[in-house]
Amino acid sequence: MKTLVTEDQLHDGIRRLAAEIQEHYDSKPLTLVGVMMGSVVLLADLIRALEAPLRVELLQARRDHTKGLGQGPLVIDEDLLSFGVRGRNVLLVDDIFHTGRTLWNLIPQIDDLGPTSVRTAVLLQKEGKAEVALKPDFVGFTIPDAFVVGYGLDYNDRYRNLPYLAALEPDEMK
Ligand code: 5GP
Ligand code: MG
């Protein structure tokens, strides 16, 4: 396992990310919508770093595998959005932008719920892996292509609790 972003670097990066978000929305009310589960640690830190009036929601996006692994549509459980997002400035918060397909699929589904705006914030973006014409609006760190764990990101339920980010070696993913 190789450390990719240290705890101190994470702390500084989150502060920078929060400052960018703060500047963009000014004091407009904002709804953070965390995409479970990988984003929950980032979400908790962002909540504490932002000063604007905040509403916080969570959604779970899961792949419908009935049409074959990785082939089916991305299904979101709307009932989790307890307050609703109609008329709100929504900021989708996700852990990592890899191919971008998760957010690419989520945005129109959130749009259908009638928000004022939808933007995206991710902790990490992998370099050169995007497969969709979408750029996240706010990015914590750009990283080389690797399988990343820690700070909420897991591998088979492990490593979520690491306070830093690490890249797994191939022999650690068996
Ligand atoms: P995308 O749809 O952008 O290809 O992938 C996004 C989702 O795949 C992320 O929200 C995350 O759940 C998962 N993912 C992609 N790359 C990684 C990685 O390096 N580590 C972990 N733990 N999850 C990843
Ligand atoms: Mg995810």
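Higher on the page you've got the structure.
Residues numbered from 1 in each chain as written. Chains lettered and ligands numbered in written order. Predicted model: local features only at pLDDT ≥ 70, side-chain atom pairs only at ≥ 80, totals over all residues. Heavy atoms only, no water.

K.L.:
Would you mind going over the pattern of salt bridges with me for this structure?
P.N.:
Pairing of side chains with opposite charge becomes possible as their charged atoms draw close. Summed over the entire model, instances satisfying the criterion amount to four salt bridges. Across the pair K129 and D145 runs a salt bridge, and its minimum N-O distance is 3.3 Å. Placement of the pair is K129 in the loop between β6 (117–126) and β7 (138–143) and D145 in the loop between β7 and β8 (148–149), with a sequence separation of 16 residues. Between D154 and R160 there is a salt bridge, with its nearest N and O atoms 3.5 Å apart. (Salt bridge = Lys/Arg side-chain N within 4 Å of Asp/Glu carboxyl O. Helix = DSSP H or I, 4+ residues; strand = E, 2+ residues; numbered from the N terminus.)

K.L.:
Would you mind showing me how to read the site of ligand 1 here?
P.N.:
Around ligand 1, the structure places 15 residues, and the nearest of them are D95, T99, G100, T102 and V148. Within the backbone of H98, one N or O atom sits 2.9 Å away from an oxygen atom of ligand 1. A distance of 2.6 Å separates an oxygen atom of ligand 1 from a polar atom in the side chain of T102. For ligand 1, whose accessible area on its own is 500 Å², the fraction buried by protein is 80%. At a threshold of 2 Å from the grid points, most atoms of ligand 1 map onto the largest pocket. Of all the secondary-structure elements, those providing two or more residues to the shell around ligand 1 are β5 (89–97) and α3 (101–111). For the shell around ligand 1, the element with the highest residue contribution is β5, accounting for four residues. Taken together, the residues of the shell around ligand 1 break down into six nonpolar, four polar and five charged. (Near = heavy atom within 4 Å. Polar contact = N/O pair within 3.5 Å; in protein donor to acceptor, adjacent residues only side chain to side chain. Areas by Shrake-Rupley, 256 points an atom, 1.4 Å probe, with all protein chains shown as cover. 1 Å grid on protein atoms, 1.4 Å probe; cavity = no way out; pocket = protein on both sides within 12 Å on 5 of 7 lines; lining within 4 Å. Sits in = over half its atoms within 2 Å of the grid points. Nonpolar A, V, L, I, M, F, W, Y, C, P; charged D, E, K, R; others polar.)

K.L.:
Teacher, can you tell me more about the nonpolar core here?
P.N.:
Soluble globular proteins tend to bury their nonpolar side chains together. Ranked by internal contacts, the top residues of the largest apolar core, which has 26 residues, are I21, L42, L46, L91, L123, L124 and L165. Mapped by element, the contributors of at least two residues to this core are α1 (7–25), β2 (30–36), α2 (40–49), β5, β6 and β7. The element that contributes the greatest number of residues to this core is α1, accounting for six residues. If sequence neighbours within four positions are ignored, L91 has contacts with I21, Y25, L30, T31, L32, V33, R119, T120, A121 and F138. L81, L106, V122 and L134 belong to the second largest nonpolar core, which has 19 residues in total. (Core = buried A, V, L, I, M, F, W, Y, C linked by side-chain atoms within 4.5 Å. Buried < 20%, exposed > 50% of the residue type's maximum accessible area, 1.4 Å probe, protein only. Contact = heavy atoms within 4.5 Å.)

Limitation: the analysis is restricted to geometry and does not speak to function.
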